[in-house]
Amino acid sequence: DGGITQSPKYLFRKEGQNVTLSCEQNLNHDAMYWYRQDPGQGLRLIYYSQIVNDFQKGDIAEGYSVSREKKESFPLTVTSAQKNPTAFYLCASSISLGAEKLFFGSGTQLSVL
Amino acid sequence: DAKTTQPPSMDCAEGRAANLPCNHSTISGNEYVYWYRQIHSQGPQYIIHGLKNNETNEMASLIITEDRKSSTLILPHATLRDTAVYYCIVRFASGSARQLTFGSGTQLTVLP
């Protein structure tokens with residue numbers, strides 16, 4: 001089945017630790033995105049990538065980093081500089097940047113120990 | 001992208017039509033109306049989108065007023081599995097690089 005796979009489902013971070021959230025898609029989509037969702041809130045864009053080896057900051061990029069070395073993969077690293085990392089993280093993809101439909105993964109819940 | 005206003009919550013009886021309203025009074029002529037929904041602890045799912053004409057697909061119908069300042073998403077026969085947060089979003093179809101901006105949405109609860 002085609003889709004987007006995020007792992008792990010739950011992740012715990014210790015103080016001062018960097019953690020990486022995985023996002024893989026087999027939809028052959030060029031564009032990929034990372035969103036953050038806090039309880040009872042909408043989604044906020046962290047980073048997006050239009051194509052391999054290219055990515056741009058979204059609205060809340062501080063404390064996060066990404067890479068796009070392969071078309072299928074867009075991992076997100078939550079660095080120790082992100083002081084409030086506890087949130088639900090969602091990865092999405094689309095055929096191209098600005099395409100009509102976004103396809104989302106099932107999310108990763110990150111919590112701080 | 002134009003801002004949208006949705007009621008925070010709504011209830012609907014199972015088997016009845018669920019009508020979810022959205023106000024987007026500042027919408028411009030080239031902006032589309034999109035609807036997504038998010039079931040608890042899952043990623044959002046695309047439902048439907050439209051520009052000015054009413055649209056229907058296997059999931060729902062979208063009714064856009066003639067002045068395009070508001071719209072209604074209709075789930076014709078709501079089931080318990082339709083309980084979710086529904087997001088109304090307005091943006092240019094060709095893609096603002098900023099992508100979709102999700103507000104707080106409407107929590108629809110379908111009651112047995």
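Peer 1: Even after reading the chapter, I still don't get the sheet that holds strand β1 (residues 4–7) of chain A, so can you show me in this structure?
Peer 2: Residues and elements named next belong to chain A. In space, the four strands of this open sheet follow the order β1-β3-β8-β7, with antiparallel pairing throughout. The strands lining the two open edges of the sheet, one partner per strand, are β1 and β7 (64–66). Direction aside, the axes of adjacent strands within the sheet are offset by 20° on average. Pairing of β7 with strand β8 (residues 76–78), which is carried by three bridges, proceeds in the antiparallel orientation. Its bridge partner being in β8, V66 is matched across the sheet by L76.

Peer 1: Would you mind showing me how to read the nonpolar core here?
Peer 2: Where a protein is soluble and globular, its nonpolar side chains tend to be buried together. By size, the foremost hydrophobic cluster in this structure holds 21 residues, and its most contacted members are W35, L73, Y86 and L108 of chain B. Of all hydrophobic cores here, the second largest spans 20 residues; its members include C23, V66, V78 and A87 of chain A.

Peer 1: Is there a simple way to explain the layout of surface pockets in this structure?
Peer 2: The rolling of a water-molecule-sized probe over the atoms marks out the regions of remaining empty space. Looking at the largest pocket, its volume works out to about 460 Å³. Counting residues per element, the ones that place at least two in the lining of the largest pocket are β9 (87–94) of chain A together with β8 (84–92) and β9 (106–111) of chain B. No other element matches β8 of chain B, which puts three residues into the lining of the largest pocket. Residue composition of the lining of the largest pocket, by class: nine nonpolar, 13 polar and two charged. Roughly 350 Å³ of volume is contained in the second largest pocket.

Peer 1: Which parts of the structure should I look at to understand the interface of chain A and chain B?
Peer 2: Interface extent is often summarised as the accessible area lost during association of the parts. Contacts between chain A and chain B engage 24 residues on the former and 21 residues on the latter. Where chain A abuts chain B, roughly 1,700 Å² becomes buried across the two surfaces, and 49% of that area is made up of carbon and sulfur atoms. Along the contact surface separating chain A from chain B lie zero salt bridges. Viewed at the interface, chain B and chain A are joined by six residue pairs in polar contact (both at pLDDT 80 or more). The residue inventory of the side of chain A that touches chain B, partitioned by class, reads eleven nonpolar, eight polar and five charged.

Peer 1: Help me understand the state of the cysteines, please; the structure alone is not making it clear to me.
Peer 2: Put plainly, a disulfide is one covalent bond tying together the sulfur atoms of two cysteines. Residues and elements named next belong to chain A. Summed over the entire model, instances satisfying the criterion amount to two disulfides over all chains. Across the disulfide, C23 is cross-linked to C91 (sulfur-sulfur distance 1.9 Å). Negative torsions about the S-S bond denote left-handed disulfides, and the value of about -75° found for C23 with C91 makes this one left-handed. Here C91 lies in strand β9 and C23 lies in strand β3 (residues 19–25), a separation of 68 residues in the sequence.

Peer 1: Hey, could you run me through unusual backbone geometry in this one?
Peer 2: Cis rather than trans, the peptide bond between S7 of chain A and P8 of chain A has omega equal to -10°. Inspection of the secondary structure puts P8 of chain A in the loop between β1 and β2 (10–13). For N28 of chain A, which is not a glycine, the phi torsion comes out positive at approximately 60°. Topologically, N28 of chain A is positioned in the loop between β3 and β4 (31–37). The class for N28 of chain A is exposed, based on a relative accessible area of 57%. Located in the positive-phi region is S41 of chain B, a residue other than glycine, with phi close to 65°. Mapped onto the secondary structure, S41 of chain B falls in the loop between β3 (31–38) and β4 (45–50).

Parameters and conventions
- Residues numbered from 1 in each chain as written.
- Chains lettered and ligands numbered in written order.
- Predicted model: local features only at pLDDT ≥ 70, side-chain atom pairs only at ≥ 80, totals over all residues.
- Heavy atoms only, no water.
- Pairing = 2+ DSSP bridges.
- Helix = DSSP H or I, 4+ residues; strand = E, 2+ residues; numbered from the N terminus.
- Axes fitted to C-alpha atoms, helices over the stretch in contact; angles between N-to-C directions.
- Core = buried A, V, L, I, M, F, W, Y, C linked by side-chain atoms within 4.5 Å.
- Buried < 20%, exposed > 50% of the residue type's maximum accessible area, 1.4 Å probe, protein only.
- 1 Å grid on protein atoms, 1.4 Å probe; cavity = no way out; pocket = protein on both sides within 12 Å on 5 of 7 lines; lining within 4 Å.
- Points joined across faces, edges and corners; volume = space filled by probe spheres on them.
- Nonpolar A, V, L, I, M, F, W, Y, C, P; charged D, E, K, R; others polar.
- Contact = heavy atoms within 4.5 Å.
- Buried area = accessible area lost by both parts, 1.4 Å probe.
- Salt bridge = Lys/Arg side-chain N within 4 Å of Asp/Glu carboxyl O.
- Polar contact = N/O pair within 3.5 Å; in protein donor to acceptor, adjacent residues only side chain to side chain.
- Disulfide = S-S within 2.5 Å.

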